[in-house]
Amino acid sequence: MSFSGGCYCGKIKYEADGDALMKLQCHCRECTYITGGSANLTMGVAEAGFKYTQGAPSSYKRDDIDGAVTRDFCGDCGTPLVTRLIPGAPGAVLLKIGSLDNPAEFIGPDAAIYTDEKHDFHTIADGVAQFTKLPE
Ligand SMILES: [Zn+2]
Ligand SMILES: [Zn+2]
């Protein structure tokens, strides 16, 4: 399986070879800033199979919290693209489902994480495993 994606304005494109390692919805406070308020839908793939094929993203990493991830986004249109350099998932990058060329390939999450930061207006589908932080 391979996945392709990019940003809203079309400046940045990426490709990821390999199957999905994990399919998540994250309810953490950091993610709700990025999404605009909803849970963050992401799919983990091997970092080794991921590459930007057009353009270069802007990146941001908080320096005031432990275990901060690096978030890539388009510096022009702001589309969140990828989360990488993830202390809890070495060797993986998380593709933002909204940036996939075909978001339907996500099908749906396997797990909801950081549910201890979930809001009442966030919903979790039946059959989706739930973790207050990360899976052990
Ligand atoms: Zn863009
Ligand atoms: Zn999160």
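Residues numbered from 1 in each chain as written. Chains lettered and ligands numbered in written order. Predicted model: local features only at pLDDT ≥ 70, side-chain atom pairs only at ≥ 80, totals over all residues. Heavy atoms only, no water.

A.B. asks: Is there a simple way to explain the coordination of the zinc ion (ligand 2) in this structure?
C.D. replies: Where a metal carries four tetrahedral donors, each ideal angle is 109.5 degrees; where it carries six octahedral donors, the ideal angles are 90 or 180 degrees. Coordination of the zinc ion (ligand 2) by the protein is provided by Cys26 (SG), Cys28 (SG) and Cys31 (SG), with metal-donor distances spanning 2.1 to 2.3 Å. Under the relative-accessibility criterion, Cys26 is labelled buried at 7%. (Donors = N, O, S within 2.8 Å, 3.2 Å for Na, K, Ca; no water. Buried < 20%, exposed > 50% of the residue type's maximum accessible area, 1.4 Å probe, protein only.)

A.B. asks: Is there a simple way to explain the coordination of the zinc ion (ligand 1) in this structure?
C.D. replies: Around the zinc ion (ligand 1), the protein supplies Cys7 (SG), Cys9 (SG), Cys74 (SG) and Cys77 (SG) as donor atoms, at distances of 2.3 Å. Seen from the zinc ion (ligand 1), its four donor atoms lie at angles of 106 to 114°, and the figure they make is tetrahedral. (Tetrahedral: all angles 85-135°; square planar, octahedral: opposite > 155°, others 65-115°.)

A.B. asks: Looking at this structure, I do not really get the sheet that holds strand β6 (residues 58–60). What am I missing?
C.D. replies: Each strand in a sheet pairs with its neighbour through backbone hydrogen bonds, running either in the same direction (parallel) or in the opposite one (antiparallel). Read from one edge of the open sheet, eight strands run β6-β7-β8-β9-β4-β3-β10-β11, paired in mixed fashion. Whereas interior strands pair on both sides, the edge strands pair on one side only; in this sheet they are β6 and β11 (129–130). As paired strands, strand β3 (residues 22–26) and strand β10 (residues 111–113) are joined by three bridges and run parallel to one another. Bridging from a neighbouring strand, Cys26 pairs with Ile113 of β10. (Pairing = 2+ DSSP bridges. Helix = DSSP H or I, 4+ residues; strand = E, 2+ residues; numbered from the N terminus.)

A.B. asks: How should I be thinking about the environment of Pro87 in this particular structure?
C.D. replies: Here Pro87 is to be found in the loop between β8 (80–84) and β9 (92–96). A residue is classified by how much of its surface remains accessible, and Pro87, at 51% relative accessible area, is exposed. Measuring from C-alpha to C-alpha, the distance between Pro87 and Asp66 comes to 9.5 Å, with 21 residues separating the pair along the chain. If near-sequence neighbours (up to four positions away) are discounted, Pro87 is found in contact with Gly67, Ala68 and Val69. (Contact = heavy atoms within 4.5 Å.)

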